Amino acid sequence: MSSTVANAAVSRLADVLLNVEKPARYVGGEYGQIVKTDAVLRTAVAFPDLYEIGMSNQAMKILYKGLNEREGVSCERVFAPAPDFEAALKSSGNALFTLETGSPLDSLDLIGFTFGYELGATGLLSILDAGRIPLLAKDRGDVHPIVLLGGPAASNPLPFSAFVDAVWIGEAEDAFFELASDLAELKRAGKGKLELLERIAKESAAWMPGKKATRSMDAAFSARAASPAIFPIPNMKIVQDHGSVEIMRGCPNGCRFCHAGIWYRPMRQKPMETIESEVRQFIERGGYREISLSSLSSGDYGAISPLVAKLNKTYRKRNISFQLPSLKVSSFSLPLLESISEVRKSGLTFAIETPLEAWQFSINKEVTLESVVRIMREAKARGWKQAKFYFMIGLPVYPEPGYSEEREIVEFLRNVKRQVNLSLNVNVGTFVPKAHTPYQWCAQISEEESHRRLKFIRDDLRGLGFKVSTHDPFVSMLEGLISRGDERVGELILAAYQEGCRLDAWEDHIRKDVWRQLIQDRGGQLIEENQTERQPNAPLPWDSVFSGVGKNFLRREFEKTIERKMTDPCAASCDHPCGACRDDSSIVSASAQDFDVAETEPVSAVPQHRTTYRIVFSFEKQGRAMYWPHLSLVEIFSKAFVRSGLPVFFTEGFNPLPKLDFASPLSLGILAENEVATVDMEESLDGAYFLKRLNEFLPDDLIIKEAMAFEIPEGIKKMSPAAMLWGFSYRSNDGIEHTHPAIDDKAFRVSLSLDNERIPRGLIRTALWAKGPDGERTSYFQSYRNLYMKQ
């Protein structure tokens, strides 16, 4: 994959990038990125938040992979700019661009936003605006890209209808990708934007104002051959940097408050052999050492215990760990948790939601105090020291006189603490009713009431050994306003954006003062509607979207809330059909049949070290790599080691890491020709093989130039490259070489304003020098030759 085009775009914007925080967000160049310069239909998948959030989102990678696999279609990426970068683009006269080729957004044919959280609304507008695309669809002409929106937070499309041309309802695989192929063919035939929009309108899953839509469902989810969406691999720290293998889509449990549980029906489980293959690909192709077996309720996977046992047995000696992010208490097993904690210890997490058994029946989720205490006692006996609890206030559990949610939550937690003295972290949020659920008719409690209840919980648990965090009631109010709003909410979003609101999901970015003033001026009626219970037969703004689950089923579930009755989990044959199972879509469960854990050959144990096998290597940082922070290099190399299969030695302890050492960190914005690092191996390895092998698995702009192998016998001091450092050589933009000892580097940096302003363009660190036998400067390779016998 050539990086020439993108490097040219990044080079053109160097003055902008060198003056913003975390420029790696905007330059691309990651391992596994896809560059298609000859595509007929040029698209981008956009995420309305920062890079570190968007690159943690698996939907981004699914769309990226699926679209780029289509002939004639290219898909690049773009993320919401941080305020400093947005301002820098504007002042420099540049448009927001894609990461792969640096293409301005207004030069594309189609931009598709994936929308997972309602508070990304202003991020959507900031991407359009910074990309020089009119914010309102009615103001765009034939020269502007088609703008689409999809994702679970767009299941009520009305608040966003003025900003996009269409909303894709439901899952992308495979109908949306087929649509992209058709659009490419139309464009190849010379058709324009109008004809492309007419083709989109023919899709049953495409919602447009005045047109109904039915949720698209991936019927082949369980039958498809293993082909996970792994790439690109980020070049900077992101929020969740692990391989995500989706073992199940949908959930059988039917929690009445859960939007995703309804939206992704019916439950579909992948065969175990497919999961095994995808795990292997995430490790061998992606380089991940942490794998999340993801779903809405991983404990409900049909053979979760033997699956985890086999994966753990296969990979534990390779320092690969597994996570189960969603375990309900009834599927909780301490042996299971211990199994996935052999490499890295997992925490105990209990999503209780509401404390009383009768209230749990109302929301169709049973988590008794007795079961929680039993699990925690067993966990404490096995070495666990803390647990985390999640609760919600404002659920429609209709407390009897004399009862209140906040008091019962406090009493539940005190009871747990009395019976099991572990360290307890507690998170409490405000329930936000969502469209297409049994609670779509319910009132959301007011911001003031939410504040009162949360304050009671914090105050009553203070000093009792609990660490309590609460979700901001204002943010919950805003989320509720958007999630069940109509076109009037869209007008509010537009006004908020024009008044400077950006990245509203971030506590340090949200402009509450602006939102409050706008709501006071024009949103009072919207707040009142959100806090008023709706009649079950009244029309709803999102009635033009059919989720696949019938309204009659949702009404029956709401009635069961009042009656405090549970509904059985979904099954292939049930007495409470919701409508999601049809001829082309039904429940698919995995089974443990013919799944023998004992057949797995264990990986041989790591030998006890007596000799250290050390590789000393130099590498070059060119092009976009100058924007990658030093700490990210550790992770980039770590993943490349795993991909390459090189026998790297890992440290001991809670979070095993490759025994990798750098001679000296390098500041952002400086290119490098000969950086130096060392890595220890489990066995003797030829330096030339190391160089050739590792270069195959590094990003284009990071290149190993030289490598030598040394054996350090037991008892001989192992010198780190940092301890051997003599100094540096730099070449400035005028071609002059500067060489000086490390002790003088600060003065050199100050002379070039490296510490107080910005990096001069064109500065290159050309060499790192080691100390020779008499304190003179010498090459690192020569210094290691002097110290150890070269192999």
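Throughout what follows, the structure given in this document is the object of discussion. What you are looking at is a predicted structure, and each value in this text was computed from that prediction instead of being measured.

**Looking at the overall build of the chain**
No. 1: The secondary structure content of the chain amounts to 25 helices and 25 strands.
No. 2: Dimensions of the chain, computed from the C-alpha atoms along their principal axes, are close to 85 × 65 × 55 Å.
No. 3: Here the chain holds 791 residues, and 57% of them are scored as buried.
No. 4: In the chain, once contacts between residues fewer than 6 apart in sequence are set aside, the share between residues at least 24 apart is 78%.
No. 5: Put simply, the chain shows about 32,200 Å² of open surface, and 50% of that area lies on carbon and sulfur atoms.
No. 6: Of note, the chain has its 95 positive side-chain charges centred 2 Å away from the centre of its 104 negative side-chain charges.

**A word on the pairing of strand 23 (residues 737-741)**
No. 1: As paired elements, strand 22 (residues 725-731) and strand 23 share five bridges and run antiparallel to each other. The residue bridging Arg 731 from the neighbouring strand is Glu 737, located in strand 23.
No. 2: In this structure, the hairpin formed by strand 22 and strand 23 is closed by a connection of five residues, where Gly 735 is found at a positive phi of approximately 85°.

**With respect to the sheet that holds strand 3 (residues 110-114)**
No. 1: What the six strands build is an open sheet, ordered 2-1-3-4-5-6; its pairing is mixed. Edge positions in the sheet fall to strand 2 (73-79) and strand 6 (206-207), since each of these pairs with one other strand and no more.
No. 2: Bridge count between strand 4 (residues 146-150) and strand 5 (residues 166-168): three bridges; the pairing is parallel. The partner of Leu 149 across the bridge, within strand 5, is Val 167.
No. 3: Lying over the sheet, helix 6 (residues 121-130) contacts strand 1 (41-47), strand 2, strand 3 and strand 4, oriented at roughly 160° with respect to strand 3.
No. 4: Across the sheet, helix 7 (residues 175-188) lies against strand 1, strand 2, strand 3, strand 4 and strand 5, angled at about 145° from strand 1, the strand it touches most.

**Describing the sheet that holds strand 13 (residues 348-353)**
No. 1: The strand order 13-14-15-16 describes an open sheet built from four strands, whose pairing is parallel. In this open sheet, the two edge strands, each paired with only one partner strand, are strand 13 and strand 16 (466-470). Taking the axes of each pair of neighbouring strands and ignoring which way they run, one obtains an average angle of 20° across the sheet.
No. 2: When strand 15 (residues 423-430) meets strand 16, the two strands line up parallel, connected through five bridges. Across the sheet, residue Asn 425 finds its bridge partner in strand 16, namely Lys 467.
No. 3: Its contacts with the sheet place helix 14 (residues 369-381) against strand 13, strand 14 (386-393) and strand 15, and it is angled at close to 170° to strand 13.

**Topic: the nonpolar core**
Looking at soluble globular proteins, one finds that nonpolar side chains tend to be buried together.
No. 1: The biggest cluster of nonpolar side chains holds 165 residues, and the ones touching the most others in it are Ile 200, Val 279, Ile 291, Leu 293, Phe 617, Phe 637 and Phe 690.
No. 2: Here this core takes seven residues from helix 18 (residues 487-498), the largest share from any one element.
No. 3: Ignoring sequence-local partners within four residues, the contact set of Ile 200 consists of Ile 146, Leu 148, Ala 166, Leu 179, Leu 183, Ala 206 and Met 208.
No. 4: Judged by nonpolar contacts, the second largest core, of 32 residues, contains Val 367, Val 372, Trp 384 and Phe 391.

**So, helix 21 (residues 551-563)**
No. 1: Over its 13 residues, helix 21 extends 18 Å from the first C-alpha to the last, a length consistent with the 18 Å expected when each residue adds 1.5 Å.
No. 2: Of all the residues in helix 21, the buried ones are Phe 553, Leu 554, Arg 555, Glu 557, Phe 558 and Thr 561.
No. 3: Each element contacted by the buried residues of helix 21 is listed here: helix 9 (259-263) and helix 13 (357-363).
No. 4: Residue Arg 564 follows helix 21 closely and has a positive phi angle near 60°.

**Things to note about the packing of helix 7 against helix 8 (residues 193-201)**
How two helices pack is summed up by the angle between their axes together with the distance between the axes.
No. 1: Interaxial distance between helix 7 and helix 8 falls to 10 Å at its minimum, and their mutual angle equals 155°. Taken together, the axes of helix 7 and helix 8 lie roughly antiparallel to each other. As for the relative orientation of helix 7 and helix 8, their crossing is right-handed in sense. Facing Leu 179, Asp 182, Leu 183, Leu 186 and Lys 187 of helix 7, the residues of helix 8 in contact are Glu 195, Leu 196, Arg 199 and Ile 200.
No. 2: Here the contact of helix 7 with helix 8 is composed, by residue class, of five nonpolar, no polar and four charged.

**Re the pairing of strand 11 (residues 290-294)**
No. 1: Most of strand 11 sits out of view: four of its five residues are buried.
No. 2: Strand direction decides the pairing type here: strand 8 (residues 243-246) and strand 11, joined by four bridges, are parallel. Residue pairing in the sheet places Glu 246 in a bridge with Ser 294 of strand 11.
No. 3: As paired strands, strand 11 and strand 12 (residues 321-323) are joined by three bridges and run parallel to one another. Note on strand 12: the bridge partner recorded for Ser 292 is Gln 323.
No. 4: Note that the unit made of strand 11, helix 11 (residues 304-315) and strand 12 has a crossover that is right-handed.

**What about the packing of aromatic side chains?**
No. 1: According to the stated counting rule, one finds 26 aromatic pairs in the structure shown.
No. 2: On the numbers, 6.3 Å between centres and 65° between planes, the contact of Phe 176 with Phe 177 is edge-to-face.
No. 3: Given the relative accessible area of 11%, Phe 176 is considered buried.
No. 4: Given the relative accessible area of 5%, Phe 177 is considered buried.

**With respect to the pattern of salt bridges**
No. 1: All chains considered together, the criterion is met by 54 salt bridges.
No. 2: Asp 472 is paired through a salt bridge with Lys 512; the nearest N and O atoms lie 2.3 Å apart. Of the two residues, Asp 472 is situated in the loop between strand 16 and helix 17 (473-483) and Lys 512 in helix 19 (residues 512-522); the sequence distance between them amounts to 40 residues.
No. 3: Take Lys 512: its relative accessible area is 30%, and that puts it in the partly exposed class.

**Notes on the environment of Lys 328**
No. 1: Turning to its location among the elements, Lys 328 is positioned in the loop between strand 12 and helix 12 (334-340).
No. 2: For the pair Lys 328 and Lys 317, spaced eleven residues apart in the sequence, the C-alpha separation amounts to 29 Å.
No. 3: Lys 328 has contacts with Asn 253, Ser 297 and Asp 300, leaving out every residue within four places of it along the chain.

How each quantity is defined
Going along each chain's sequence as written, the residues are numbered from 1 onward. Given that this is a predicted model, residues contribute local features only at a pLDDT of at least 70 and side-chain atom pairs are listed and counted only at 80 or more, while totals for whole chains, interfaces and linings are drawn from all residues. Where side-chain values are given, they derive from all heavy atoms of the structure, hydrogens and water being excluded. Helix numbers and strand numbers start at the N terminus; a helix is a DSSP run of H or I with at least 4 residues, a strand a run of E with at least 2. Only protein chains enter the calculation, and the probe is 1.4 Å; a residue is then buried if its accessible area is under 20% of its type maximum, exposed if over 50%, and partly exposed in between. Should any heavy atoms of two residues lie within 4.5 Å, those residues are considered in contact. Only the protein chains shown count as cover for residues, with accessible areas throughout obtained via the Shrake-Rupley method and a probe of 1.4 Å. Neither His nor the chain termini are counted; the positive set is Lys and Arg, and the negative set is Asp and Glu. Where a charge lies is defined by one atom per residue type: Lys uses NZ, Arg uses CZ, Asp uses CG and Glu uses CD. At least two bridges found by DSSP between two strands is the condition for calling them paired. Every axis corresponds to a line fitted to the C-alpha atoms, with the helix fit spanning only the stretch in contact, and the corresponding angles, defined between N-to-C directions, vary from 0 to 180 degrees. The definition of a nonpolar core used throughout is a set of buried Ala, Val, Leu, Ile, Met, Phe, Trp, Tyr and Cys residues joined through side-chain atoms within 4.5 Å. To estimate the expected span of a helix, subtract one from its residue number and multiply by 1.5 Å. Any angle between 65 and 115 degrees counts as roughly perpendicular, while under 35 counts as roughly parallel, over 145 as roughly antiparallel, and the rest as oblique. By definition, turning the near helix anticlockwise from the far helix through less than a right angle yields a left-handed crossing, and turning it clockwise yields a right-handed one. Three categories are distinguished: nonpolar for Ala, Val, Leu, Ile, Met, Phe, Trp, Tyr, Cys and Pro, charged for Asp, Glu, Lys and Arg, and polar for the others, with Gly belonging to the last. Handedness of a crossover: with both strands directed away from the viewer, a clockwise path from the first strand across the helix to the second marks it as right-handed. Two rings from Phe, Tyr or Trp (for Trp, the six-membered ring) form a pair when their centres sit within 6.5 Å of each other. Planes less than 30 degrees apart are called stacked, planes more than 60 degrees apart edge-to-face, and all others tilted. Any carboxyl oxygen of Asp or Glu within 4 Å of a side-chain nitrogen of Lys or Arg constitutes a salt bridge here.

Nothing here speaks to function; it is all geometry.
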